[in-house]
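# Structural overview
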Amino acid sequence: LIHASLNEKFPNTFMIRITLVVGAGKQARQKYDANASRAVKSALLECGYQEDAGASCVSDCGGSFKSQHDTGKNLYTVIVYPRSTA
């Protein structure tokens, strides 16, 4: 699914971010596969994306992703900044 949707450039003129929930804390941990984060990161690397902990929603960050722990919602996410034609 990641290969099919993120391998090509997005035909937009502005940067977007895609947030993928890959895990959660104690209360919701059983809803997510323990290897989800590793599988998502591996697929993104195979598509040519680079991990960048400082990535943000600017055009220079297209083709990067970062992992994040939302402590308020207690969710683990991978945030993807796809390549665009802009």
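Residues numbered from 1 in each chain as written. Predicted model: local features only at pLDDT ≥ 70, side-chain atom pairs only at ≥ 80, totals over all residues. Heavy atoms only, no water.

## Considerations on the nonpolar core
It is characteristic of soluble globular proteins that their nonpolar side chains tend to be buried jointly. Our working rule: Residues belong to one nonpolar core when they are buried, are Ala, Val, Leu, Ile, Met, Phe, Trp, Tyr or Cys, and are joined through side-chain atoms within 4.5 Å. Classification of residues uses two cut-offs on accessible area relative to the type maximum, computed with a 1.4 Å probe and protein chains only: under 20% is buried, over 50% is exposed, and between them is partly exposed. Helix and strand definitions follow DSSP, with helices as H or I runs of at least four residues and strands as E runs of at least two, each counted in order from the N terminus. Pairs of residues are marked as contacts when any of their non-hydrogen atoms sit within 4.5 Å.
Within the largest apolar cluster, 12 residues are counted, these being Ile 2, Leu 6, Val 22, Ala 36, Val 40, Ala 43, Leu 44, Cys 47, Tyr 49, Phe 65, Val 78 and Val 80. Contributions of two or more residues to this core are made by helix H1 (2-6), helix H2 (36-46) and strand E4 (75-81). It is H2 that provides the largest number of residues to this core, a total of four residues. If we skip the residues at most four places from it in the chain, Val 40 touches Ile 2, Leu 20, Val 22 and Val 78.

## Quick notes on the environment of Ile 2
Looking at the element boundaries, Ile 2 is found in helix H1. On the basis of relative accessible area, Ile 2 is assigned to the buried category, the value being 17%. Expressed as a C-alpha distance, the spacing of Ile 2 and Glu 46, which sit 44 residues apart in the sequence, is 9.8 Å.

## Here's the deal with the confidence of the model for the protein
In low-pLDDT segments, the atomic positions of the prediction should not be examined closely. Formally: pLDDT is defined as a per-residue confidence score from the predictor, taking values between 0 and 100.
Here the protein averages 90 in pLDDT, while 99% of its residues score no lower than 70. Across the protein, the element-wise mean pLDDT spans from 84 in H1 up to 96 in strand E2 (residues 50-51).

## Quick notes on the environment of Glu 8
Relative to the assigned elements, Glu 8 resides in the loop between H1 and strand E1 (18-24). Looking at Glu 8, the relative accessible area reads 58%, which means it is exposed. Separated by 10 residues in the primary sequence, Glu 8 and Ile 18 have C-alpha atoms spaced 15 Å apart.

## Considerations on the pairing of E4
To be explicit about the condition: Two strands pair if DSSP finds at least two bridges between them.
Among the seven residues in E4, five count as buried, and that is most of the element. Inspection of the sheet shows E1 paired to E4 by six bridges, in the antiparallel sense. Opposite Val 21, over in E4, you have Thr 77 as the bridge partner. In the sheet, strand E3 (residues 64-70) pairs with E4 via seven bridges, with the strands oriented antiparallel. Along E4, the bridge assignment pairs Lys 66 with Ile 79. Between E3 and the antiparallel strand that follows it, E4, lie four residues; Asn 74 among them carries a positive phi value of about 60°.

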